[in-house]
2 protein chains.
Amino acid sequence: MSQRPLGDMDPEAFRLEGHRIVDWLADYLAAPEPYPVLSRSKPGDLVRALPAAAPEDGEPFEAIFADFEQHVVPGLTHWNHPGFFAYFAISASGPGILAEMLSAGLNVQAMLWRTSPAATELEQVTLRWLAQLMELPSTFEGVIYDTASISTLHALAAARELVVPDVRARGMLARPDLPGVRVYCSEHTHSSIDKAVVLLGLGQQAIHRIPADHYHAMRADHLAEAIAADRRAGLRPLAVIASVGTTSSTAVDPVDAIADICEAEGVWLHVDAAYAGVMAMVPAWRDSFRGMERADSIVVNPHKWLFTPFDLSVLFCRRMDVLKQAFSLVAEYLRTTDPSAVTNLMDTGIQLGRRFRALKLWMVLRYFGAEGIRARLEAHVHLARTFASWIDDAPDWERLAPVPFSVVCFRHHPAGVEDEEMLERVNAAILERVNQSGEAFLSHTKLDGRYTLRLAIGNIKTEERHVRRAWELLSSAAKTA
Amino acid sequence: MSQRPLGDMDPEAFRLEGHRIVDWLADYLAAPEPYPVLSRSKPGDLVRALPAAAPEDGEPFEAIFADFEQHVVPGLTHWNHPGFFAYFAISASGPGILAEMLSAGLNVQAMLWRTSPAATELEQVTLRWLAQLMELPSTFEGVIYDTASISTLHALAAARELVVPDVRARGMLARPDLPGVRVYCSEHTHSSIDKAVVLLGLGQQAIHRIPADHYHAMRADHLAEAIAADRRAGLRPLAVIASVGTTSSTAVDPVDAIADICEAEGVWLHVDAAYAGVMAMVPAWRDSFRGMERADSIVVNPHKWLFTPFDLSVLFCRRMDVLKQAFSLVAEYLRTTDPSAVTNLMDTGIQLGRRFRALKLWMVLRYFGAEGIRARLEAHVHLARTFASWIDDAPDWERLAPVPFSVVCFRHHPAGVEDEEMLERVNAAILERVNQSGEAFLSHTKLDGRYTLRLAIGNIKTEERHVRRAWELLSSAAKTA
């Protein structure tokens, strides 16, 4: 039985271990390259390495940390590694990590204004900064959630609130008064739309997928036709989701043309800019976002490409009143005597408890500054275009999509091989070999039925040498594939 | 324009600032008492103190940290303070904070097994430990979400999956085949049930609130009658929510009797043990949880009373297959070649992205050990009972509920005053005065229409002297109220 007194870890022990962890992290951030990006763990490795039951007696922190290094670290895939090019590459930057340390120690919970006024107000200040940087009109209010899935869920819940009368009180069952509804998105829209539609009880059949053009962008003319046909069939349009930067190829839907249709039809327009939205900060890229300012809601994830540790997703909404109407609900034990003018964040969402997430975004925006952030984003786009030029210049390689931002879609395509199954096998083998190298980690998708490799740039430490190394690994894997 | 190179903060600068923050946190943890528990901020204080726009150029971290100390800290309500007795008191313990530091720096995202095998497997190991400690049968699988609201939402989504045929594909609109449904809970059930029911499209009218007994526990006989009456009216029972430790008074619903009814009726039983569930680790308290092992799902929040920094909520579920049926959805860009036996956490929820939350729970369980945790929980219950005995012995004070765990419900009740409005005014004034002292922060609720003060013990640093001081403040406020 532990002889330690009750209460917390002794503060001096915390100080000692904290310094040790800061040193470990500083070393890790200085030189993450020795770690294989994609973990080489086999299924069950960690389960087998750890005891089947919790210890009865407390253990020294050193022993726990030793197990962390020996058993946990080898089972990590290193998202904070400059050779991470899979999915969307993300970053826990220095100022962001420091902010999370403070947030963890303070442990404030920002459900009500009074449960930490600064957490609520820093969220307001920081999101106003971000909205300005993205040139969004001041009619947008922002709120921080954990993930884009949750941001989008709230946007669609607000849209449902407008279209399904009394849904909050009466729900959708046993209501012969209600017609079916439709949610429109392109075939390249993120899977979180499906999950939100399922959760909200609309059913996946409510999703009307609009065909995309050759560059994987939604065809606005098809959208208009689809809405008209659905209306003729007695269905009610509930929302349109336009993406600026789709997940597979970062394609850009024609938001302005889609906004015209949504305005004419009176349909909620949600813009998924979870990954690429931050590029609206860069004047030369504003064109890609034209029409976004006319949306009803926009999701942008600082935890993706704004150097902010996971998780922090922002929903900007022009109809926050509708969102509150859908979710505000004050139990007696949460009632306060604070002025009614204060914002209580619990009113804007399904989650009652909220971490102090604004702190890290505030520290990141201040530490790098708007110019510093723009410079980093442009550098990433430049790296992607450099890689794309290598692909374009290589005889046995093929680019499969434009590069509007920092993701390149491509494949190995040896002359004369036209069998799609063989090309898939070859490229999957290349991907496997590169990922096993430990020096780079890429992922894949399918575009127009073609197996497609993706190189996504977004980690703040990625430099040209990392991209060049990935290209060497790909080229060399192709030779033996 | 900043002269810094691109890339991240220099690792040596990170090291320096990290050490500074660890020292700041160690000092804060050693002596949080000087900080007023409830912030004295006025609405708008922080908004006015900060610039209206983000800086164009990056700023030194020292300047950002100075603003944090000067402007943010005074706007914090100190949840990690031993004088925090409001809502449910929570703790960021030393080992939990250290784990969060690592988690922030590594920034792994555990959506797929391969995106960090250790994050997925450590979640499995740690939740198996927790389930064993709570004596749950091995038929329960666990999954970590952010908050109890989200855990409960998933439980009810799974229940809906069973009761509403084809809901995933067809949704609930325009389906004359479907009857209305009902969700049963007591009048003391947490407001997250309402929000989940609204989100799922069932409508608040679907909530059938069952009356409670004199001790605020659900009347199982009334539940049986309500289900029978609803069935006669053509409605279909969807789920019953039983609470072990309600939010207002920590009342314990008769789970065993409720489980009998749910089994007989074939209805999903969800147990809300978000706060008190950890007490199932203590043998002497097992009786309060009898029947919980028969539930279909259970929510317990280590971020509440298990010394784990916010956020970390656990859903234990006996029907994880149903949950996956509701949510599993694999886009091509998330497809892997990993063995089909591995768990991909994205299949069990609405959120695709997941932080590495298991690390902190694992470090907390190991650092304190099962015995150390039980001892701390029992010490908290002992403190609550001590406070309750002071209330019981004081002539002008009245206890308003039993103390099954670590929350005491009470009020000042001067002899001869029976007017409820006056008692509310007096007690609200006492609460206001105590909270303004900065030494303690309590919250209130209503029980049977009576304005009720709550003293919630749960912070790991709370000792008898803090509880005694709260009692002195209350007594002295009562004299002048």
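A brief report on the enclosed structure follows. (Residues numbered from 1 in each chain as written. Chains lettered and ligands numbered in written order. Predicted model: local features only at pLDDT ≥ 70, side-chain atom pairs only at ≥ 80, totals over all residues. Heavy atoms only, no water.)

### As for the overall build of chain A
The line we're drawing: Think of it this way: any DSSP run of H or I at least four residues long counts as a helix, any run of E at least two long counts as a strand, and we number them from the N terminus. Radius of gyration here uses only the C-alpha atoms, and the compact-globule reference equals 2.2 Å multiplied by the residue count raised to the power 0.38. Three labels apply to residues, based on accessible area from a 1.4 Å probe with only protein chains included: buried if under 20% of the type maximum, exposed if over 50%, partly exposed otherwise in between. Every residue pair with non-hydrogen atoms within 4.5 Å of one another is taken to be in contact. For the charge count, each Lys or Arg is scored as positive and each Asp or Glu as negative, with His and the chain ends excluded. For the purpose of locating charges, the reference atoms are NZ of Lys, CZ of Arg, CG of Asp and CD of Glu.
Regarding its fold elements, chain A presents 15 helices and 11 strands. For 481 residues, the compact-globule formula gives about 23 Å, and the C-alpha radius of gyration of chain A, at 24 Å, lands near that figure. Each of the three principal axes of chain A carries a C-alpha extent, and together these read 75 × 70 × 45 Å. Across the 481 residues of chain A, 67% fall into the buried class. In chain A, 73% of the contacts between residues at least 6 apart in sequence involve partners at least 24 apart. Distance from the positive charge centre (47 side chains) to the negative charge centre (60 side chains) of chain A: 3 Å.

### Here's the deal with the environment of B:Ala264
All names here are of chain B. In this structure, Ala264 sits in helix 10 (residues 255-265). Look at Ala264 and you get exposed, because its relative accessible area is 70%. Along the chain, Ala264 and Arg354 lie 90 residues apart, while their C-alpha atoms are 37 Å from each other.

### Concerning the relation of the copies chain A and chain B
As a reminder of what qualifies: Least-squares superposition aligns the copies on the C-alpha atoms of those residues with pLDDT at or above 70 in both.
For the match of chain A to chain B, the screw axis carries a shift of 0.0 Å, the RMSD comes to 0.0 Å, and the turn is 180°. Between the two chains, the operation in question is that of a two-fold axis. A shared interface surface links the copies, since 100% of the contact residues of chain A are contact residues in chain B too.

### Considerations on the sheet that holds strand 10 (residues 443-447) of chain A
Residue and element names in this part refer to chain A. Applied cut-off: Here, a strand pair is defined by DSSP locating no fewer than two bridges between the strands. Whenever a helix is involved, its axis is fitted only over the stretch in contact; in every case the axis is a line through C-alpha atoms, and angles between N-to-C directions fall within 0 to 180 degrees.
Here we have 4 strands laid out as an open sheet, ordered 8-9-11-10, and antiparallel in their pairing. Each end of this open sheet is capped by a strand with a single partner; those strands are strand 8 (397-399) and strand 10. Here the strands of the sheet are splayed against their neighbours by 40° on average, with no regard to which way each runs. As defined by bridge partners, strand 9 (residues 407-412) adjoins strand 11 (residues 450-456) across 4 bridges and the pair is classed as antiparallel. Paired with Cys409 across the two strands is Arg454, which belongs to strand 11. Across the sheet, helix 13 (residues 358-393) touches strand 8, strand 9 and strand 11, and the angle it forms with strand 9 is around 20°. Here helix 15 (residues 464-480) sits on the sheet in contact with strand 8, strand 9 and strand 11, set at roughly 130° to strand 8.

### With respect to the packing of aromatic side chains
Short version of the rule: Here a Phe, Tyr or Trp ring, Trp counted by its six-membered ring, pairs with any other such ring whose centre lies within 6.5 Å, and the pair is stacked when the planes are under 30 degrees apart, edge-to-face when over 60, and tilted otherwise.
Counted by the stated rule, this structure contains 40 aromatic pairs over all chains. A ring pair is formed by B:Phe88 and B:Tyr275, whose centres lie 4.1 Å apart and whose planes are at 15°; its orientation type is stacked. Of this pair, B:Phe88 sits in the loop between helix 3 (61-72) and helix 4 (94-106) while B:Tyr275 is found in the loop between strand 5 (268-272) and strand 6 (297-300), placing the two residues 187 residues apart along the sequence. When its relative accessible area of 3% is taken as the criterion, B:Tyr275 is described as buried. Aromatic side chains B:Tyr367 and B:Phe368 sit 5.1 Å apart centroid to centroid with 85° between the ring planes, which places their arrangement in the edge-to-face category. Under the relative-accessibility criterion, B:Phe368 is labelled buried at 2%. Three or more aromatic residues link up through ring pairs in this structure, and these residues are A:Trp24, A:Tyr28, A:Tyr35, A:Phe65 and A:Phe68.

### Section: the environment of A:Thr247
Within the fold, A:Thr247 resides in the loop between strand 4 (236-243) and helix 10 (255-265). A relative accessible area of 11% places A:Thr247 in the buried class. Sequence-wise, A:Thr247 and A:Phe410 are 163 residues apart; in three dimensions their C-alpha atoms are separated by 15 Å. The contact partners of A:Thr247, leaving out residues within four places of it in the chain, are A:Phe88, A:His188, A:His190, A:Arg454 and B:Tyr333.

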